[in-house]
Amino acid sequence: MPADAVLYQAAALCLTYPDDDFVARLPLLREAAPQLREFTDHAAVTPLPELEAHYVQVFDLRNRHSLYLSWWHDGDTRRRGMSLARFKEVYREHGLEFTGEELPDFLPAVLEFTARTGETGLLTGHRDGLERLRTRLGEHGTPYASVLDAVCAALPAARCGVRP
C-alpha cells in the first residue's frame with residue numbers, strides 16, 4: 001500500500017457530498033488521517049444539513065472551486081474531452097475501468113485511484129490546478145481548504161516531462 005494511501009482515501013471521502021455514511025465514518029477518518037483533523041473536527045460538530053448546504057455552496061454553485069481537475073487546465077473547451085479520455089486511459093493502464101457517476105477527473109475519484117494504485121501522476125500532473133483550488137478555498141474561508149492543504153503537502157515533487 002502506498003505511503004500516503006490512507007490520507008488520499010480519507011481526503012476523497014472528505015471531498016464527496018456529505019451524507020450519513022460520511023458522518024458515521026468521521027471517527028475513523030479522524031484517527032486514520034490526522035492531517036485532516038482540522039476538517040474532520042469541524043465536520044464532527046456541524047449538523048449534517050449544514051455540512052450539505054456548505055458543500056453545495058462551495059463546490060456546486062460555480063466553477064471557482066471546481067473539483068474537476070481537467071477544468072483547471074482546459075476550462076469548458078473541446079480540449080477537455082481529450083483530457084477526460086486520458087484520465088480513463090490511465091485508469092485502464094492500471095487495470096481499472098472508470099464507471100463512476102462523476103467524470104473521471106473528479107478529484108475524489110482521482111484520490112481513490114491514487115490510494116489504490118500508488119500512482120500519483122494524475123495528481124502531480126494537475127498540481128497547478130490543485131494549488132489554485134487550495135488557494136481559492138483558503139480565500140473563501142472554508143474548512144475544505146485544510147483537506148487540499150494536506151493533499152498538496154503529501155504530493156511528491158513533479159517529474160519533468162510527465163503529461164497529465
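Worth saying up front: this structure is predicted, and the values here are computed from it rather than measured.

Draft legend 1. Representation of the nonpolar core. Ranked by internal contacts, the top residues of the largest apolar core, which has 51 residues, are L36, Y91, L107, L111 and L123. When residues no more than four places from it in sequence are discounted, the contact partners of L36 are L7, A10, A11, C14, V147 and A150.

Draft legend 2. Fine view of the confidence of the model for the protein. For the protein, the mean per-residue pLDDT works out to 90, and 93% of the residues sit at or above 70. Taken as a whole, residues 159-164 scores under 50 in pLDDT and shows 6 contacts with residues more than four places along the chain or in a different chain.

Draft legend 3. The arrangement of the state of the cysteines in detail. Considering all chains together, one arrives at 0 disulfides under this definition. Free of any disulfide, C14 has its nearest neighbouring cysteine sulfur in C152, separated by 15 Å. For C14, a relative accessible area of 1% puts it in the buried group.

Draft legend 4. Representation of the packing of helix α6 (residues 79-93) against helix α7 (residues 107-117). Between α6 and α7, the shortest axis-to-axis distance is 11 Å and the interhelical angle comes to 20 degrees. The pairing of α6 with α7 is recorded here as roughly parallel in orientation. Between α6 and α7 lies a crossing whose hand is left-handed. Contact with α6, carried on its side by F87, V90 and Y91, involves A109, V110 and F113 of α7 and no other residues of that element. The residue makeup of the contact of α6 with α7, split by class, is 6 nonpolar, no polar and no charged.

Draft legend 5. Layout of the pattern of salt bridges. Scanning the model with the defined rule gives 11 salt bridges in all. Between R132 and D128 there is a salt bridge; the shortest N-O distance is 3.1 Å. Placement of both R132 and D128 in helix α9 (residues 127-140) is noted, with a separation of 4 residues, approximately one turn of the helix. Through salt bridges that share partners, R30, E31, R37 and D41 make up one connected network.

Draft legend 6. How the structure looks around the packing of aromatic side chains. Under the definition given, this model contains 10 aromatic pairs. Ring geometry for F39 against Y144: centres 4.8 Å apart, planes inclined by 35 degrees, an arrangement best described as tilted. Taken together, the positions of F39 in helix α3 (residues 37-45) and Y144 in helix α10 (residues 144-154) put the pair 105 residues apart, joining distant regions of the chain. Accessibility assignment for this pair places F39 and Y144 in one class, buried. Ring centres of Y91 and F113 lie 4.8 Å apart, and the angle between their planes is 65 degrees; this geometry places the pair in the edge-to-face category. Separated by 22 residues along the polypeptide, Y91 in helix α6 and F113 in helix α7 bring together distant segments of the chain. Following the ring pairs from residue to residue traces out a cluster consisting of Y17, F22, F39, Y55, F59 and Y144.

Draft legend 7. Layout of the environment of S83. Relative to the helices and strands, S83 is located in helix α6. Overall, the relative accessible area of 16% leaves S83 in the buried class.

Draft legend 8. Layout of the packing of helix α1 (residues 5-14) against α7. Direction vectors running N to C along α1 and α7 enclose 160 degrees, while the axes themselves pass 8 Å from each other. By the angle between their axes, α1 is roughly antiparallel relative to α7. Crossing angle aside, the handedness with which α1 passes α7 is left-handed. Side by side, α1 and α7 meet where A5, Y8, Q9, A11 and A12 of the first sit next to P108, L111, E112, T114 and A115 of the second. Looking at the contact of α1 with α7 residue by residue, the classes come out as 7 nonpolar, 2 polar and 1 charged.

Cut-off values and rules
- Residues numbered from 1 in each chain as written.
- Predicted model: local features only at pLDDT ≥ 70, side-chain atom pairs only at ≥ 80, totals over all residues.
- Heavy atoms only, no water.
- Core = buried A, V, L, I, M, F, W, Y, C linked by side-chain atoms within 4.5 Å.
- Buried < 20%, exposed > 50% of the residue type's maximum accessible area, 1.4 Å probe, protein only.
- Contact = heavy atoms within 4.5 Å.
- pLDDT = per-residue confidence, 0-100.
- Disulfide = S-S within 2.5 Å.
- Axes fitted to C-alpha atoms, helices over the stretch in contact; angles between N-to-C directions.
- Helix = DSSP H or I, 4+ residues; strand = E, 2+ residues; numbered from the N terminus.
- Parallel < 35°, antiparallel > 145°, perpendicular 65-115°, else oblique.
- Left-handed = near helix turned anticlockwise from the far one by under 90°.
- Nonpolar A, V, L, I, M, F, W, Y, C, P; charged D, E, K, R; others polar.
- Salt bridge = Lys/Arg side-chain N within 4 Å of Asp/Glu carboxyl O.
- Phe/Tyr/Trp six-rings, centres within 6.5 Å; stacked < 30°, edge-to-face > 60°.

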